[in-house]
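Working through the structure, step by step
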Amino acid sequence: MSLFIENISKSFGAVQALKDISFTLKKGEVVGLLGPNGAGKSTLMKILTGFYREWDGKGTFFDKDLKKERLEIQKEIGYLTENNPLYPEMYVKEYLLYVSGLYRLQNPPVEELLKQTGLLEYQNKKIEILSKGYKQRVGLAAALIHNPKFIILDEPTTGLDPNQLVEIRKLIRELGKDKTVLLSTHILQEIDALCDRVLIINKGRIVLDENLEILRKDQNQIIEVSFDFRIETEALNRIVGVSKVKNTHDFDYEIHVTGKQDLRPAIFDFAHDNGLKILKLQLKNESLEQLFTSLTA
Ligand code: ADP
Ligand code: MG
């Protein structure tokens, strides 16, 4: 049950938004479409949902032709658009029932979805009073109402606060267990946290299609850490595994680590032993960052 995308191109007047895009998606894969603003992510997604009809190339989903059997294919696609438009004056459950009606579903799995997306307590609340993270859950629930096989999420985590982000990521990973998920983002960490595979798109072209596991292999890490006090970079340098330390700002440090080991626990111990408090601690993949920058520069 794979999805095949072959040589897709699309222009808007003189602007060529997509150039010769080809890739395959497999069942149960969570694939990230990563690219800067204007790269063509949303355009590609609108083609894959069947929304755009004028484009060159070929799409074959579930053994059906995207151009010839569009309506059949759309029954299997769930789509969360970039800004998640909702009806703010509707109530959560009411809205999901309304969307079920649009799909003419006989027995919509509304209760199940409310549960799955953590909205049970909010089912009788007006959408307008929900936080951005909860609105996003409503959008996701609506995109899943017809139990699609292929889920397309356009920048699903943009604008969420860190807690909401963790929750939505968890939900998306759950979905990825038995569905194919394609999500777009312009944030690299998002891909690292969520995806099995990344497609990097730049100026309408796919410039990289690779498994994250391969990209993560033997890759050096960078830990960004902020303390409540200044310390000598030399002291951090003495932690085993650290190759280089940069003092990037007042109390902010960039610690380069050789190999794959996670040095965060050692840094916690270091802070404790030196009477420091950690205000921020983030693990980054050095090579992924460099790769993204070089491919999209
Ligand atoms: P992304 O989602 O990666 O930010 P888009 O797919 O929205 O990028 O846009 C890709 C390019 O196509 C941009 O140059 C954009 O201006 C252009 N574009 C997208 N949609 C339209 C449209 N409906 N009409 C004209 N130009 C468009
Ligand atoms: Mg977009």
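Further up the page is the structure itself.
This write-up is about the structure you can find in this document. Because the structure is a prediction, the values reported are computed rather than measured. Each residue is numbered by its place in its chain's sequence as written, counting from 1. Just so you know, chain letters begin at A and ligand numbers begin at 1, following the order they were written in. Only residues with pLDDT of at least 70 are given local features in this predicted model, and only at 80 or more are side-chain atom pairs given and counted; all residues enter the totals for whole chains, interfaces and linings. Values reported for side chains reflect all heavy atoms of the structure, with hydrogen atoms and water molecules removed beforehand.

1. Details of the coordination of the magnesium ion (ligand 2)
Operational definition: Metal coordination here is assigned from N, O and S atoms located within 2.8 Å of the ion, or within 3.2 Å for Na, K and Ca; omission of water means that sites may look incomplete. Helix and strand definitions here come from DSSP, where helices need a minimum of 4 consecutive H or I residues and strands a minimum of 2 consecutive E residues; each element is numbered from the N-terminal end. Partly exposed describes any residue whose relative accessible area lies between the buried limit of under 20% and the exposed limit of over 50%, with all areas from a 1.4 Å probe on protein chains only and scaled to the type maximum.
The protein atoms that coordinate the magnesium ion (ligand 2) are Ser42 (OG) and Glu82 (OE), at distances of 2.1 to 2.7 Å. With a gap of 40 residues between them, Ser42 in helix H1 (residues 41-48) and Glu82 in the loop between strand E6 (77-80) and helix H3 (92-102) connect regions that are remote in the sequence. A residue is classified by how much of its surface remains accessible, and Ser42, at 17% relative accessible area, is buried.

2. A closer look at the environment of Lys10
Filter applied, for reference: Contact definition: two residues touch when any of their heavy atoms are within 4.5 Å. Side-chain atoms alone can form a polar contact between residues adjacent in sequence; in general such a contact is a pair of N or O atoms within 3.5 Å, and within protein one must be able to donate a hydrogen while the other accepts it.
Tracing the backbone through its elements, the reader meets Lys10 in strand E1 (residues 3-12). Considered as a pair, Lys10 and Val257 are 247 residues apart in the sequence and their alpha carbons are 43 Å apart. In contact with Lys10, not counting residues within four places along its chain, are Val15, Gln16, Ala17, Leu18, Thr43, Ile47, Tyr52, Glu54 and Trp55. At a separation of 2.8 Å, a polar atom in the side chain of Lys10 contacts the main-chain carbonyl oxygen of Glu54.

3. With respect to the packing of helix H5 (residues 132-144) against helix H6 (residues 162-175)
Applied cut-off: Only the stretch in contact is used when fitting a helix axis, every axis being a line fitted to C-alpha atoms; angles between N-to-C directions are given from 0 to 180 degrees. In this scheme, roughly parallel covers angles under 35 degrees and roughly antiparallel covers those over 145, while 65 to 115 is roughly perpendicular and the rest are oblique. In this scheme the handedness of a crossing depends on how the near helix is turned from the far one: anticlockwise by less than a right angle means left-handed, clockwise means right-handed. All residues other than Ala, Val, Leu, Ile, Met, Phe, Trp, Tyr, Cys, Pro, Asp, Glu, Lys and Arg, Gly among them, are scored as polar; the first ten of these are nonpolar and the last four charged.
Put simply, H5 and H6 touch, their axes get as near as 9 Å, and they point 15° apart. Put simply, H5 runs roughly parallel to H6. Relative to H6, H5 is oriented so that their crossing is right-handed. Touching Lys132, Gly133, Gln136, Arg137, Leu140 and Leu144 of H5 are Gln164, Glu167, Ile168, Leu171 and Leu175, all from H6. Its residues assigned to classes, the contact of H5 with H6 shows five nonpolar, three polar and three charged.

4. Digging into the sheet that holds strand E13 (residues 252-257)
One key point about sheets: their strands pair by backbone hydrogen bonds, in either a parallel or an antiparallel sense. Which entries qualify depends on this criterion: Strands are labelled as partners when DSSP assigns at least two bridges between them.
An order of E12-E13-E11-E14 is seen for the four strands of this open sheet, with the pairing classed as antiparallel. Bordering the open sheet on either side are strand E12 (242-249) and strand E14 (278-285), each of which pairs with just one other strand. Going across the sheet, the axis of each strand differs from the next one's by a mean of 20°, ignoring polarity. Bridge count for E12 against E13 is six bridges, and the pairing is antiparallel. The residue bridging His249 from the neighbouring strand is Asp252, located in E13. Against the sheet, helix H10 (residues 264-273) touches strand E11 (221-227), E13 and E14, its axis set at about 160° to E14. Running over the sheet, helix H11 (residues 286-296) touches E11, E13 and E14 and is turned about 65° from E14.

5. Re the pattern of salt bridges
What counts here: Every case where a carboxyl oxygen of Asp or Glu lies within 4 Å of a side-chain nitrogen of Lys or Arg is listed as a salt bridge.
Throughout the structure, instances matching the rule amount to 14 salt bridges. Here Glu76 and Lys149 are joined by a salt bridge, their closest N and O atoms 3.7 Å apart. With Glu76 in the loop between helix H2 (70-74) and E6 and Lys149 in the loop between H5 and strand E7 (150-154), the pair connects residues that are 73 residues apart, well separated along the chain. With a relative accessible area of 21%, Glu76 lands in the partly exposed category. When salt bridges with common partners are traced through the structure, they connect Glu29, Arg197 and Asp209 into a single cluster.

Keep in mind that these numbers describe shape and distance, not what the molecule does.
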